[in-house]
Structure formats: structure tokens, C-alpha cells
Amino acid sequence: MMINFKPLTIHDASWARPLLWEAGEHGAEYSFANALIWGNFYKMEAARIDDFLLSRSAESSAYMYPRGKGDMRYAINCIMQDARERGAPLVLRGLSQTAKEELERLFPSKFDYTPLRDFADYVYTVKDLSELVGRKFQPKRNLASRFMKTYNWNYEAITAENIEECVAMSREWCRLNCCEEDGGMAMENSVAIQMLNCFFALDLKGGLLRVDGKVIAFTIGEPLNKDTFIVHIEKAFTEYAGAYQMINRQFICHNALDFVYVNREDDAGDLGLRKAKESYQPVFMQEKYLAVRVEN
């Protein structure tokens, strides 16, 4: 019998979020907000099996590696059976190095694995991002210092009173960066707008920067588990030198000091974004793999 997959809705947060949290993983796919909003673009459907969130793409027929805790062999067997009944090859996405080793232990030599560098998450320490101490962070400190000296600025948490200013700023950012000519940028901006629209329902955290009263940067994130905070969205007008460095540091200082790590997600293969994320000196990369069932 095929699994009864359905699109996630915001009402699924009540059961899915605790399962993802308890898994204790560092990957961005363990964020319910990501599963919900990015899932809309990739036509993802989900189901609960015991204490696992299972999901598959109705578009590509690929499955996400089960997220949650419990009998992983049983969860994988459920997916295998579902794929057989749908007449589709079994393809699993979103495997961390730990998950890859687990799958190989449970099903030795049954899968081929391919690393997906473009989807590896950048993970930093809260200490590094909040303090920017040492020679390696001197360029970041200099930009943040120049911003503070140059502009009449202030930082605010995102609230019901100012969130529409962030929506307007995101749309203006997209216009200035010609998003309509770049499918990836257009999608990312749409995700930003959707996260702002669902901000309070998903209990997200956010911050913004003003210069002379105008919103010139904002960011959105949330706790991922007990030791990791995740940043989903970060936008700034580049005409304000140091705006990205300031919103990054201020947001972490105001929201993540009780955590050890910050996941700033992947670079999606964008070389400019890769250079920027590498410049913040990640302490490790949360690797991602694709696993394809070998037919014997």
C-alpha cells in the first residue's frame, strides 16, 4: 500500500517540528519552515510514519532521507515499498555524512552515493560570528566599524509594526538586482516574501537595520535544535557599505548567543555567494549526498 503523501501545511508544524528538533541534526532540511516553504517550489509531499517525517517530490519522484528518530530501517523499508508500488527508482536526497554511514550500515552495498557540494550547508560558531575576533575576521570588523561611523543607524527586531517595510525592501532589492532575469534569485526572493508572510505563524525570528529611518537590511532565522540556530534569509542594499556584516552580527548577538552553532545554509552553486560564505570561516560543512538504490 502506497504511503498517503500530502503537501505540508502550516498546521503540520505541531507534530513535524518536534520530530525535526529531536533529531538533533545540523542540516537545513531539519527546519520545518524550509520544508514548508521550499517544498512549495519543489512540489514536495509529506507523511508521518511513527516518529519520522517522510517526504517525496511529486515532480522528480525523489525522496528525502527520513527525518526524525526511531527505527530507521523500518522507515527506509516503507520508502522502498512506496517507490516499488509507484514504479519509480528509489532516490534519496539530503543525506548528511552521518546519514550516509547509517544507510550503508543498514543496507550495505545497496546504494550508490553522490556528494552534492552545491547543497552543503555552511556551519559557523556563534562566538566567531558575534565577536569577529582575530586577523581572519579583520575585514569584517573593518566594514562593520565603517558602517557604524558612517551612517545614522539602528537595529530592530521584526515585529507586526515593521514587517511590511521588510516586504517592501525585499521587493525593491529584487528590482535593483534584476531578479526577473535570474530564476534562482526570483525564487529566493519569493521564499523571502513567503517567510515574511508566515513569520508569526511559524514563530520565526528576525531583525532589520535602518539608516535615517529607512529599512536597508533584514534577516530571518530560527532555532534548529538545542545547539544550532539557522539563518534562512539575509538581504541588504549593497550601496550601504558594511550593511551585510552589520545585519549578520547584530542578528546573531540579539538572537543566538545561547547556541553553539549557526547554520547559514548552502550556496546553491552560486560562486559569488560561495566566496562570501567561505569568507566567514565555517567550522565545518554539513555535507549532503544523493543515494540511488542499486538494482541487483
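These numbers come from a predicted model, not from an experiment.

S.K.: Run through the environment of Glu278, naming residues and quoting values.
M.R.: Along the polypeptide, Glu278 turns up in helix α10 (residues 271-278). Taking the relative accessible area as the measure of exposure, Glu278 reaches 38% and is therefore partly exposed. Ignoring any residue separated from it by four or fewer positions in sequence, one finds Glu278 in contact with Arg117 and Tyr122.

S.K.: I'd like a description of the side chain of Lys288, backed by residues and values.
M.R.: Position of Lys288 relative to the elements: it lies in the loop between β13 (284-286) and β14 (289-293). A relative accessible area of 7% means that Lys288 is categorised as buried. At 3.3 Å, the side chain of Lys288 forms a polar contact with the backbone oxygen of Phe119. In this structure Lys288 touches Gly27, Ala28, Glu29, Leu95, Thr114, Pro115, Leu116, Phe119, Ala120 and Asp121, once residues within four positions along its chain are discounted.

S.K.: Give a description of a negative patch on the surface that names residues and reports values.
M.R.: Together, Glu180, Glu181, Asp182 and Asp270 give the surface a local cluster of negative charge. Mapped onto the secondary structure, Glu181 falls in the loop between α7 (163-176) and α8 (183-197). We classify Glu181 as exposed; its relative accessible area is 66%.

S.K.: Tell me what's going on with the sheet that holds strand β10 (residues 214-223), and back it up with residues and numbers.
M.R.: With mixed pairing, the seven strands of this open sheet are ordered in space as β8-β9-β10-β11-β12-β7-β13. In this open sheet, the two strands that pair with only one neighbour each are β8 (153-157) and β13. Between one strand and the next, the sheet's axes are offset by a mean angle of 30 degrees, whatever the strand orientation. One ladder, built from seven bridges, connects β10 with strand β11 (residues 228-236); its direction is antiparallel. Residue pairing for β11: Pro223 is matched across the bridge by Phe229.

S.K.: Quick rundown of the packing of helix α6 (residues 138-150) against helix α9 (residues 243-255)? Include the residues and the values.
M.R.: Two quantities define a packed helix pair, namely the angle between the helix axes and the distance between the axes. Where α6 meets α9, the axes come as close as 8 Å, and the angle between the chain directions of the two elements is 95 degrees. In terms of axis orientation, α6 runs roughly perpendicular to α9. On α9, the residues that touch Lys140, Leu143, Ala144, Phe147 and Met148 of α6 are Ala243, Gln245 and Met246.

S.K.: Can you break down α9 residue by residue, with the values?
M.R.: With 13 residues, α9 should reach 18 Å at 1.5 Å per residue; the first-to-last C-alpha distance of 18 Å fits that figure. Along α9, the positions that sit buried rather than exposed are Ala243, Gln245, Met246, Ile247, Asn248, Gln250, Phe251 and Ile252.

S.K.: Got a sec to walk through the packing of aromatic side chains? Specific residues and values, please.
M.R.: For the coordinates displayed, the defined rule picks out twelve aromatic pairs. With a centroid separation of 6.4 Å and an interplanar angle of 85 degrees, the aromatic rings of Tyr124 and Tyr280 are classed as edge-to-face. Pair noted here: Tyr124 is in strand β7 (residues 121-125) and Tyr280 is in the loop between α10 and β13, with a separation of 156 residues, a long-range link. An aromatic cluster is present here, built from Phe147, Tyr151, Trp153 and Tyr240 joined pairwise through their rings.

S.K.: How would you explain the environment of Asn177 if you had to name every residue and give the values?
M.R.: Within the fold, Asn177 resides in the loop between α7 and α8. Residues Asn177 and Phe237 lie 60 residues apart in sequence; the distance between their C-alpha atoms is 9.7 Å.

S.K.: Quick rundown of the pattern of salt bridges? Include the residues and the values.
M.R.: For the structure shown, the criterion picks out 17 salt bridges. Close ionic contact of Glu29 with Lys288 constitutes a salt bridge, the shortest N to O distance being 2.9 Å. Of this pair, Glu29 sits in the loop between α1 (13-23) and α2 (32-41) while Lys288 sits in the loop between β13 and β14; the two residues are 259 residues apart in sequence, bridging distant segments of the chain. Across the pair Glu45 and Arg56 runs a salt bridge, and its minimum N-O distance is 3.5 Å. A residue pair is termed long-range when its members are at least 10 positions apart, and Glu45 in strand β1 (residues 44-49) and Arg56 in strand β2 (residues 52-57) qualify at eleven residues. Judged by its relative accessible area of 6%, Arg56 is buried. Each of Arg117, Asp118, Asp267, Arg274 and Glu278 takes part in a single network of salt bridges with overlapping partners.

Calculation notes
- Residues numbered from 1 in each chain as written.
- Predicted model: local features only at pLDDT ≥ 70, side-chain atom pairs only at ≥ 80, totals over all residues.
- Heavy atoms only, no water.
- Helix = DSSP H or I, 4+ residues; strand = E, 2+ residues; numbered from the N terminus.
- Buried < 20%, exposed > 50% of the residue type's maximum accessible area, 1.4 Å probe, protein only.
- Contact = heavy atoms within 4.5 Å.
- Polar contact = N/O pair within 3.5 Å; in protein donor to acceptor, adjacent residues only side chain to side chain.
- Patch = residues over 30% accessible without salt bridge, like charges linked within 9 Å, V, L, I, M, F, W, Y side chains within 5 Å.
- Areas by Shrake-Rupley, 256 points an atom, 1.4 Å probe, with all protein chains shown as cover.
- Salt bridge = Lys/Arg side-chain N within 4 Å of Asp/Glu carboxyl O.
- Lys, Arg positive; Asp, Glu negative; His and termini not counted.
- Charge placed at Lys NZ, Arg CZ, Asp CG, Glu CD.
- Pairing = 2+ DSSP bridges.
- Axes fitted to C-alpha atoms, helices over the stretch in contact; angles between N-to-C directions.
- Parallel < 35°, antiparallel > 145°, perpendicular 65-115°, else oblique.
- Expected span 1.5 Å × (residues − 1).
- Phe/Tyr/Trp six-rings, centres within 6.5 Å; stacked < 30°, edge-to-face > 60°.

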